[in-house]
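# Descriptive analysis of the structure
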Amino acid sequence: MNQEICEGKLIKNKRYVLNGCIYKGNFVDHNGFAIVQGDIILGKTEDVLKFSKFLKAYKDLGTQQQNACLIKNKLWDTKEIPYCIEVGHSKTADIHTAITIFN
């Protein structure tokens, strides 16, 4: 991971959409882009913040409508994190070693 992508202004406790789900948490503004978890680009920070205000409106909905809005604090429901290693990556063995150590 490129270290510089993790640097920027921390924006706390905002709602954002990722993979069709609504999340509430922190992200970093890096050169005008909203970055979550160090390397996932949500879009332009300005657009993410505007949409975050829209997502906050779910509080004013009735119970039935609130149940239709899924708010998550994590990307995965289990402890397993899906990943894909690029075919022919020069550090494949190192990646597998790191995963083994982490697990």
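What counts as what
- Residues numbered from 1 in each chain as written.
- Predicted model: local features only at pLDDT ≥ 70, side-chain atom pairs only at ≥ 80, totals over all residues.
- Heavy atoms only, no water.
- Core = buried A, V, L, I, M, F, W, Y, C linked by side-chain atoms within 4.5 Å.
- Buried < 20%, exposed > 50% of the residue type's maximum accessible area, 1.4 Å probe, protein only.
- Helix = DSSP H or I, 4+ residues; strand = E, 2+ residues; numbered from the N terminus.
- pLDDT = per-residue confidence, 0-100.
- Contact = heavy atoms within 4.5 Å.

Attention now moves to the nonpolar core. Among the nonpolar cores identified, the biggest contains ten residues, and these are I11, Y16, L18, C21, Y23, F27, A34, V36, L42 and V48. At the level of secondary structure, the elements contributing two or more residues to this core comprise β1 (9-18), β2 (21-30) and β3 (33-36).

Turning our eyes to something else, we now look at the confidence of the model for the protein chain. Any region with low pLDDT has predicted coordinates that should not be read closely. Per-chain confidence: the protein chain averages 75 in pLDDT, with 66% of residues scoring 70 or above. Looking at the elements of the protein chain, mean pLDDT is at its lowest for helix α2 (residues 63-68), recorded as 52, and at its highest for β3, recorded as 90. Overall, residues 1-5 carries pLDDT values under 50, and its contacts beyond four positions in sequence, including any with other chains, amount to seven contacts.

Okay, unusual backbone geometry next. A positive phi angle, close to 55°, is found at N31, a residue other than glycine. For N31, the position within the fold is in the loop between β2 and β3. Phi is positive for Q37, which is not a glycine, with a value near 55°. Following the sequence through the fold, Q37 ends up in the loop between β3 and β4 (40-44).

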